[in-house]
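Close look at the chain arrangement
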Amino acid sequence: MSRKYNIAVVGATGAVGEEIFRVLEEYNFPVGDILPLASARSAGGEIECCGKKYKVEELTEDVFEGRDIDIAFFSAGGSVSAKYAPYAVEAGAVVIDNTSHFRMDPDVPLVVPEVNPQDIAGWREKGIIANPNCSTIQLVLALKPLYDLYGDIKRVDVATYQAVSGAGKSGMEELVMQMKDFFAFKLDESEHKAFPHQIALNVIPQVDKPMPNGYTREEMKMTNETKKIMGSNIPVSATCVRVPVLRSHSEAVTITFPEDVVVDVEKVRLALNDFPDVEVIDNLEKGLYPMPVTATDSDTTYVGRIRKDLFNDNILHMWVVADQLRVGAATNAVRIAQKWIELEDV
C-alpha cells in the first residue's frame, strides 16, 4: 500500500482552505488524517473531505505537537503564518504557505511546479515552500513557454482584472450585497469594508496597500515574484485593478522580446498549448477567448487574444485568465505537495 500523508490546513474555513479540501479530494491525494485549523471564532465546526468529516480545531502554538503532520497548508494571512508556521516545521511538517510572508525570503523556495519544480529541493533550509501571489502564478505559467521559445524576455507589462474573491469571502459577500442594494435602489447606503470604494458596477485601480514608489503592494508582488520564480531579472510593470467579478482573474499582458526576435503567433500558440496546464482559446472572429466564466472551477490557465504588436515585431500581446482560488492558490499548493512527495520518494 502506498504511503498516506497526514495533512493540516490552517485557515480551513476560509475561501482558499475550502478549495484545498476540494482539490485534495479531486486529485485523489494520498491523504491519511486531516487536521483542519482556524481561529477560536471558527473552531468547533466541521469540514468534509475524502468521504470523512473532521472537526475544526483552534490554531495554537502547540496544536501540531504529537499529531504527526506531514504537510501543513497555511492560508490564514501573513501574520498567522509568521507566528505559527515555525511551530508546524518544528513538529516535523513541511509547510506550504499561501501568504506573502515567506515569498521573498532567500531561504524559502517560491514555486509554480510547472515552471520551477527544481526549486522545491530548497525546502529543507527552513521547512517551508511559498505559494506565489495568485496573479503571479497565472502570469508565469503563460510566460515560461515563451521565455523558452525565444530564449529571453526583455520586459513584461501587465494590467490585471481581479475578481472580488481575491479578497476572500468578505469580498464576495460585499459585491453580492451591493448588487442587492442596487436592485433595491439603495446602493448609496451600502457599506464598503473589503474594498476602498464601492465595487458593484465599478472598477477600482487599487489592489492592496500603496507603496512609496506609486505602485501598490500587489503590483510589486508581481514584479518581484516573477523574477524569483523565473530565475531571471525580467522587468515587470503591473497595474492591478479590482473588477466586479466573483471569481477568476484576467490579465492583459504585453511581452517585449529581444530586438532580434520576430514574433510568430502560430509558434506562440503551439508553445502555450504544449505547456502543462495551459490552454489556448483564440478565435476572435468566432468570439472565442478566455473569460472568467471559462476559467472558474478549472485548474487550467487559459490564453487568448494572441497578437503581434502593430509597430514592433518583437512585441506580443495576449489575454490570460485563471481561477485564482484554484490555479492561483489551492491547486498550486496541492501540486507543490505532489511534487514534494515525488522528490522525497526519489
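Our subject is the structure that appears above.
Residues numbered from 1 in each chain as written. Predicted model: local features only at pLDDT ≥ 70, side-chain atom pairs only at ≥ 80, totals over all residues. Heavy atoms only, no water.

Quick word on unusual backbone geometry
- Even without being glycine, Cys50 reaches a positive phi, approximately 55°.
- Residue Cys50 is classed as partly exposed on the basis of its relative accessible area of 34%.
- Of note in this structure, Asp277 is not a glycine but carries a positive phi near 65°.
- Within the secondary structure, Asp277 is located in the loop between α6 (265-273) and β12 (278-280). (Buried < 20%, exposed > 50% of the residue type's maximum accessible area, 1.4 Å probe, protein only. Helix = DSSP H or I, 4+ residues; strand = E, 2+ residues; numbered from the N terminus.)

Side note on the packing of helix α3 (residues 134-150) against helix α5 (residues 217-230)
- Packing of α3 against α5 brings their axes to within 10 Å, and their N-to-C directions diverge by 40°. Here α3 lies oblique to α5, going by the angle between them. Of the two elements, α3 crosses α5, and the hand of that crossing is right-handed. Each of Ser135, Thr136, Leu139, Val140, Leu143, Lys144 and Tyr147 in α3 lies in contact with α5, whose residues at this interface are Glu218, Lys221, Met222, Glu225, Thr226, Ile229 and Met230. (Axes fitted to C-alpha atoms, helices over the stretch in contact; angles between N-to-C directions. Parallel < 35°, antiparallel > 145°, perpendicular 65-115°, else oblique. Left-handed = near helix turned anticlockwise from the far one by under 90°. Contact = heavy atoms within 4.5 Å.)

Some thoughts on the packing of aromatic side chains
- With the rule as written, the count across this model stands at seven aromatic pairs.
- Between Tyr84 and Tyr87, the aromatic rings sit 6.4 Å apart at their centres with planes inclined by 50°, giving tilted as the arrangement. With Tyr84 and Tyr87 both in helix α2 (residues 78-90), this residue pair falls three residues apart, about one helical turn.
- By relative accessible area, which is 14% here, Tyr84 ends up buried.
- The class for Tyr87 is partly exposed, based on a relative accessible area of 29%. (Phe/Tyr/Trp six-rings, centres within 6.5 Å; stacked < 30°, edge-to-face > 60°.)

Examining the side chain of Thr226
- You can see Thr226 is positioned in helix α5.
- Polar contacts involving the side chain of Thr226 include one to the main-chain carbonyl oxygen of Met222, which spans 2.6 Å.
- Among all residues touching Thr226, those that are not within four sequence positions of it are Thr136, Leu139, Val140, Leu143, Lys221 and Val236. (Polar contact = N/O pair within 3.5 Å; in protein donor to acceptor, adjacent residues only side chain to side chain.)

Examining the sheet that holds strand β8 (residues 128-130)
- In spatial order, the strands read β5-β2-β1-β6-β7-β8; together these six strands make up an open sheet with parallel pairing. In this open sheet, the two edge strands, each paired with only one partner strand, are β5 (57-58) and β8.
- Pairing between strand β7 (residues 94-97) and β8: three bridges, direction parallel. Note on β8: the bridge partner recorded for Asp97 is Ala130.
- Contacts from α2 reach β1 (5-10), β6 (71-74), β7 and β8 within the one sheet, and its direction differs from that of β6 by about 175°.
- Sheet strands in contact with helix α8 (residues 326-345) are β1, β6, β7 and β8, and its direction is about 155° off that of β6. (Pairing = 2+ DSSP bridges.)

Some details on the packing of α3 against α8
- For the pair α3 and α8, interaxial distance at closest approach is 8 Å and the crossing angle is 85°. Here α8 runs roughly perpendicular to α3, going by the angle between their axes. The residues of α8 that touch α3, namely those facing Cys134, Ile137 and Leu141, are Val327, Gly328, Ala329 and Asn332.
- In the contact of α3 with α8, the residues fall into five nonpolar, two polar and no charged. (Nonpolar A, V, L, I, M, F, W, Y, C, P; charged D, E, K, R; others polar.)

What about the sheet that holds strand β9 (residues 155-162)?
- The strand order across the open sheet formed by six strands is β10-β9-β11-β14-β13-β12, and the pairing between neighbours is mixed. Of all the strands in the sheet, the pair left with one neighbour each is β10 (236-242) and β12. Neighbouring strand axes in the sheet, compared pairwise and without regard to direction, differ in orientation by 20° on average.
- One ladder, built from seven bridges, connects β9 with strand β11 (residues 249-256); its direction is antiparallel. Across the sheet, the residue bridging to Tyr161 is Ser250, located in β11.
- Of the strands in this sheet, β9, β10, β11, β12, β13 (301-308) and β14 (315-322) touch α3, which is tilted by about 40° from β11.

By themselves, these observations are geometric and do not establish any function.
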